[in-house]
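Residue strings, one per chain:
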Protein chains: 2
Amino acid sequence: MSVEWLDQIKWDDKGLVPAIAQDHQTGRVLMVAWMNAEALRLTVEEERAIYWSRSRNRLWRKGEESGHVQKLHELRLDCDADVILLSVEQLGAIACHTGRESCFYRVLRNGSEWETVDDVRRDPDEIYTKKA
Amino acid sequence: MSVEWLDQIKWDDKGLVPAIAQDHQTGRVLMVAWMNAEALRLTVEEERAIYWSRSRNRLWRKGEESGHVQKLHELRLDCDADVILLSVEQLGAIACHTGRESCFYRVLRNGSEWETVDDVRRDPDEIYTKKA
């Protein structure tokens, strides 16, 4: 299997690149996470966003706990080959672990403070309830 | 002057965070670059995107050579406080140094190759011609 398309990517010194997930219909930027080569290969193979969790140091199949899977529509690469842009369908219409549509829910106001402007769509305690 | 809003950002071990520039009208993701605290402070102060160039190791006032300034409309922060999202008006309708609207002009085809799908709007040689 040729992995030339993966080799063309300029992974950073930790073998990662940032990956932006964007809603394929609204264009809203939902989140940014990181991918290594395996995560990206699997994202394409399984047609869903799979990231590398830097905090847990393992593959993170987006939605594995929450059900908020990101189905892949299109995958783009930037001119420097060091950032990935995913066009996705966000299942549950919630990308953020806070229960909001997007992780970018804070706006800078008056050049001096971050204001939360987006509603919580679902209580995170409800989203991440562990099964007994 | 309070810089609490800057202190709330989780800069990486190099003092940087990724910054995404998105067209304020179309929602198209134009580019990703990096900012340090000074770049972000100046972005807000001057109401235009100012990045930290990792290759040139200096502040980079987007458009300083090309004229393709990004006027700031809105600035957002993600839940982890380690990615910035800029909503911008892209002067010249070209964000990429290749002369394209967006740096994300390559799409993965058949899970195996990057295909350039966007046109060059202006010859880079023309954009970056040095004044005599």
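Remember, it's a predicted structure, so these values are computed and weren't measured experimentally.

## Concerning the relation of the copies chain A and chain B
For the pair of chain copies, the relating transformation is a rotation about an axis with a translation along it. Rotating chain A by 180° about the axis while translating it 0.0 Å along that axis superimposes it on chain B, leaving an RMSD of 0.0 Å. Put plainly, the chains are arranged around a two-fold axis. Scanning chain A for the C-alpha nearest the rotation axis identifies G27 of chain A, at a separation of 2.7 Å. Interface overlap between copies is the fraction of interface residues in one copy that are interface residues in the other; for chain A against chain B it reaches 100%, indicating a shared surface.

## Some points on the UniProt feature "binding site: Zn(2+)" (unreviewed entry) in chain A
When the UniProt feature table is mapped to this numbering, "binding site: Zn(2+)" (unreviewed entry) covers C79, C96 and C103 of chain A. Spanning 25 residues, the annotated positions stay apart in the fold, the maximum distance between their C-alpha atoms being 27.7 Å. With respect to the element layout, C96 of chain A can be found in the loop between strand 6 (84–90) and strand 7 (106–109). By relative accessible area, C96 of chain A is classed as buried at 1%. Discounting chain neighbours no more than four positions away, the residues touching C96 of chain A are E101, S102, C103 and Y105 of chain A together with C79 of chain B. Exposure remark for C103 of chain A: the relative accessible area of 7% places this residue in the buried category. Beyond its immediate sequence surroundings of up to four residues, C103 of chain A is in contact with L30, M31, A95 and C96 of chain A together with L77, D78 and C79 of chain B.

## Digging into the pattern of salt bridges
As enumerated under the stated definition, the model contains 26 salt bridges over all chains in all. The shortest N-O distance in the salt bridge between E101 of chain A and R28 of chain A comes to 3.0 Å. Here the residue E101 of chain A occupies a position in the loop between strand 6 and strand 7, and R28 of chain A occupies one in the loop between strand 1 (17–23) and strand 2 (29–35), the gap between them amounting to 73 residues. By relative accessible area, E101 of chain A is classed as buried at 18%. For R28 of chain A, a relative accessible area of 22% gives the class partly exposed. A salt bridge links R122 of chain B to E126 of chain B, with the shortest nitrogen-to-oxygen separation between them at 3.1 Å. The network of salt bridges with shared partners includes R28, E101, D118 and R121 of chain A together with E74 and R76 of chain B.

## Overview of the sheet that holds strand 2 of chain A
Pairing is mixed in the open sheet, where 6 strands are placed in the order 2(A)-1(A)-6(A)-5(A)-7(B)-8(B). At either margin of the open sheet sits one strand with a lone partner, and together these are strand 2 of chain A together with strand 8 (113–116) of chain B. Put simply, the sheet's adjacent strands are angled 35° from each other on average, direction ignored. Summarising the sheet, strand 5 (residues 70–77) of chain A and strand 6 of chain A pair through 7 bridges and their orientation is antiparallel. When the sheet's bridge partners are listed, L75 of chain A is paired in strand 6 of chain A with L86 of chain A.

What counts and how
All residue numbers here refer to positions counted from 1 along the written sequence of the relevant chain. Ligands are numbered from 1 and chains lettered from A, in the order in which they are written. In view of the model being predicted, local features appear only for residues whose pLDDT reaches at least 70, and side-chain atom pairs are presented and counted only at 80 or more, with totals across whole chains, interfaces and linings using the full set of residues. Side-chain numbers come from the whole structure's heavy atoms, not from hydrogens or water. Least squares is the method used to superpose the copies, on C-alpha atoms of residues holding a pLDDT of at least 70 in both. It only takes one pair of heavy atoms within 4.5 Å for two residues to be counted as in contact. UniProt positions are given in the numbering used here, feature names are shortened, and annotations may be inferred rather than shown by experiment. We count a stretch as a helix when DSSP gives it H or I for four or more residues in a row; a strand needs E for two or more, and each element gets its number in order from the N terminus. Buried, partly exposed and exposed residues are distinguished by accessible area as a fraction of the type maximum, computed with a 1.4 Å probe on protein chains only: under 20%, between the cut-offs, and over 50%, respectively. By convention in these notes, a salt bridge is any Lys or Arg side-chain nitrogen within 4 Å of a carboxyl oxygen on Asp or Glu. Here a strand pair is declared whenever DSSP counts at least two bridges between the two strands. Angles here are taken between N-to-C directions and fall from 0 to 180 degrees, while the axes themselves are lines fitted to C-alpha atoms, restricted in helices to the stretch in contact.

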